[in-house]
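As a plain string of letters, each chain reads:
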Amino acid sequence: MSLIFVGGWATSKDQYPVIAKSSTFLIPFVDFKPEELPDLISGGGNTLVGWSTGAHILLKECRAYFSKFDNVILIGPFLSFTESFPEIILRKMISGMSKNPARVLASFHKNCGEKNKINFFDSQVGALVEGLEYLISSRIEFEGAIPNDNLILVHGNDDKIVRQTAFESVAKSISGARIVTLDSDHKISEDEILNLIKGL
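Residues numbered from 1 in each chain as written. Predicted model: local features only at pLDDT ≥ 70, side-chain atom pairs only at ≥ 80, totals over all residues. Heavy atoms only, no water.

K.L.:
Quick question: what am I supposed to make of a negative patch on the surface here?
P.N.:
Together, E35, E36, D39 and E61 make up a negatively charged patch on the protein surface. Tracing the sequence through the fold places E35 in the loop between β2 (24–26) and α2 (37–41). A relative accessible area of 53% places E35 in the exposed class. (Patch = residues over 30% accessible without salt bridge, like charges linked within 9 Å, V, L, I, M, F, W, Y side chains within 5 Å. Areas by Shrake-Rupley, 256 points an atom, 1.4 Å probe, with all protein chains shown as cover. Salt bridge = Lys/Arg side-chain N within 4 Å of Asp/Glu carboxyl O. Lys, Arg positive; Asp, Glu negative; His and termini not counted. Charge placed at Lys NZ, Arg CZ, Asp CG, Glu CD. Helix = DSSP H or I, 4+ residues; strand = E, 2+ residues; numbered from the N terminus. Buried < 20%, exposed > 50% of the residue type's maximum accessible area, 1.4 Å probe, protein only.)

Here it is, written out as structure tokens:
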């Protein structure tokens, strides 16, 4: 089975070690710029998974390639991140990245529901700031509902990063998608994701 996993902002392979070993694992802004993602996934395959910012970029840049996959799973997707997080908070995060990036990232991962300490490299700071700037400005606007019969939209019922209303905005814009709600934070556990994939 071929699997492509597109992570979120500040994702680490340590968060999903089994998936990282068995998939093409891509981290936004660290491994690619949003406009580069279509070329990276255009070959298709069995399963395409996007989490958070990865799900947003896939929806924005790669919808034309969804049909090349047997299944597409979007976890915590959103049309506009500022629908959940006001721009002023993201600006504070950008400012904090220049002073104490470890503190900003630790706070973010805690809000995601991450239980473990996530390490990062100082060389990634510039890419992560670029990602925050992108999240301030990026919007998706659909002209009518987008039909997708191979798409699964997943949301945690205790998600403090992508609010319920933001998730519902995505669900209303896509017809034919299967909606899955999990008893989870923003970070869906690796076991839950693997169970979703195995159940396809």
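K.L.:
For this particular structure, what's the right way to read the nonpolar core?
P.N.:
Burial of nonpolar side chains together is a common tendency in soluble globular proteins. Ranked by size, the top nonpolar core spans 49 residues in total, and within it W9, L37 and L48 carry the most contacts. Top element by residues in this core is helix α6 (residues 125–137). It accounts for 7 residues. Counting 20 residues, the second largest nonpolar core, distinct from the first, contains F5, I19, I73 and V180. (Core = buried A, V, L, I, M, F, W, Y, C linked by side-chain atoms within 4.5 Å.)

K.L.:
Could you clarify how one ought to interpret unusual backbone geometry in this entry?
P.N.:
Outside of glycine, negative phi angles account for most residues, and trans bonds account for most peptide bonds. A positive phi is found at A10, a non-glycine position, where the angle reads about 65°. Under the relative-accessibility criterion, A10 is labelled buried at 9%. One non-glycine residue, F29, lies in positive phi territory at about 70°. Here F29 is to be found in the loop between β2 and α2.

K.L.:
Even after reading the chapter, I still don't get the pairing of strand β4 (residues 69–75), so can you show me in this structure?
P.N.:
Consecutive residues of a regular strand have side chains that alternate between opposite faces of the sheet. A large share of β4 lies buried, amounting to 6 of its 7 residues. Pairing of strand β3 (residues 45–51) with β4 involves 6 bridges; the strand directions are parallel. For G45, the partnering residue across the bridge sits in β4 and is F69. You can see the chain leave β3, run along helix α3 (residues 53–61) and come back into β4, and the turn it takes is right-handed. (Pairing = 2+ DSSP bridges. Right-handed = clockwise from strand over helix to strand, strands pointing away.)

K.L.:
Where do I start with helix α4 (residues 87–99) in this structure?
P.N.:
Residues that lie three or four places apart on an α-helix share one face, since the helix turns once every 3.6 residues. Between the first and last C-alpha of α4 there are 19 Å, a value that for 13 residues agrees with the 18 Å anticipated at 1.5 Å per step. For α4, every residue scored as buried is listed here: L90, M93, I94, G96 and M97. Each buried residue of α4 sits inside an arc of 165° when the element is viewed along its axis, so together they form one side. Exposed and oriented more than 90 degrees from the buried face of α4 are I88, K92, S98 and K99. In the core, the buried residues of α4 are packed alongside α5 (101–112) and α6. (Expected span 1.5 Å × (residues − 1). Arc of directions from axis to C-beta. Contact = heavy atoms within 4.5 Å.)

K.L.:
What's the story with the side chain of T47 in this structure? I'm lost.
P.N.:
Mapped onto the fold, T47 is located in strand β3. For T47, a relative accessible area of 4% puts it in the buried group. Residues within four places of T47 in sequence aside, it is in contact with M1, S2, L3, I4, F69, N71, I73, I197 and L200.

K.L.:
Whenever I open this one, the sheet that holds strand β8 (residues 178–182) confuses me. Can you help?
P.N.:
Each strand in a sheet pairs with another by means of backbone hydrogen bonds, the pair being arranged parallel or else antiparallel. Across the sheet, 6 strands lie side by side as β2-β1-β3-β4-β6-β8; this open sheet has parallel pairing. Each end of this open sheet is capped by a strand with a single partner; those strands are β2 and β8. Recorded for the sheet is a direction-independent mean angle of 15° between the axes of neighbouring strands. On top of the sheet, α3 reaches β1 (3–6), β3 and β4; it is set at about 120° to β3, its chief contact. Each of β1, β3, β4, β6 (151–156) and β8 touches helix α8 (residues 190–198); the most contacted strand, β4, lies at about 150° to it. (Axes fitted to C-alpha atoms, helices over the stretch in contact; angles between N-to-C directions.)

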